[in-house]
Amino acid sequence: VENYQEMLSSEHSGFIRHNGIRVVSVDEEKSVLTADVTPENSNIWGGVHGGFLYGINYGQHNVTLNGSINYLRSTVQSKALTAVGRPVRVGGHIGFFEVNITDDTGALIARAEINMYFLKK
């Protein structure tokens, strides 16, 4: 856990740096990431691209085994996003996480469930 901030820093993650995602906090109980809504992360209809919403999840030296996301509300009026991920169950090599993404008004935009495989360090 102590290496989360370093691993997720912009130096170590081109995806996070390129997309303007900021790591607010990460601990064993939850992770919080934020990002501003910009033309670069928008789709052709003016909302945030679904792939961007899926990608605003956190990692712990892992790769995704399986993930699903439900898009619940339009982001056309959103100015910023916050993703809060919580572990449901974490074992030695596999973890299951729930992630809620809200916008700057507090509206629930999307909810994801993700199985991750933890790589050896």
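As the structure is a prediction and not an experimental result, all values here were calculated from the model.

Side note on the environment of V26
Okay, so step 1: In this fold, V26 is placed in strand β1 (residues 22-26).
Okay, so step 2: Looking at V26, the relative accessible area reads 13%, which means it is buried.
Okay, so step 3: For the pair V26 and R86, spaced 60 residues apart in sequence, the C-alpha separation works out to 9.9 Å.

Notes on the environment of F15
Okay, so step 1: Here F15 lies in helix α2 (residues 14-19).
Okay, so step 2: Overall, F15 belongs to the partly exposed group, its relative accessible area being 43%.
Okay, so step 3: Remark: the alpha-carbon pair of F15 and I56, spanning 41 residues in sequence, is separated by 9.5 Å.
Okay, so step 4: If we skip the residues at most four places from it in the chain, F15 touches I21 and G55.

Notes on the pattern of salt bridges
Okay, so step 1: One pass over the structure, following the stated rule, counts 2 salt bridges.
Okay, so step 2: One salt bridge connects R111 with E98, and the closest N-O pair in it is separated by 3.2 Å. Of this pair, R111 sits in strand β6 (residues 108-118) while E98 sits in strand β5 (residues 94-103), and the two are 13 residues apart along the sequence.
Okay, so step 3: A residue is classified by how much of its surface remains accessible, and R111, at 29% relative accessible area, is partly exposed.

Thresholds applied
- Counting starts from 1 at the beginning of each chain's written sequence and moves along it residue by residue.
- Confidence filtering applies because this is a predicted model: local features only for residues at pLDDT of at least 70, side-chain atom pairs given and counted only at 80 or more, and all residues used for totals across whole chains, interfaces and linings.
- Side-chain metrics in this entry use all non-hydrogen atoms of the structure; hydrogen atoms and water are not considered.
- Secondary structure follows DSSP: runs of H or I at least 4 residues long count as helices, runs of E at least 2 residues long count as strands, and numbering of each begins at the N terminus.
- Only protein chains enter the accessibility calculation, which uses a 1.4 Å probe; a residue whose area is less than 20% of its type maximum is buried, one above 50% is exposed, and one in between is partly exposed.
- Throughout, a residue-residue contact means that at least one pair of heavy atoms, one from each residue, lies within 4.5 Å.
- By definition here, a salt bridge exists when the distance from a side-chain nitrogen of Lys or Arg to a carboxyl oxygen of Asp or Glu is within 4 Å.

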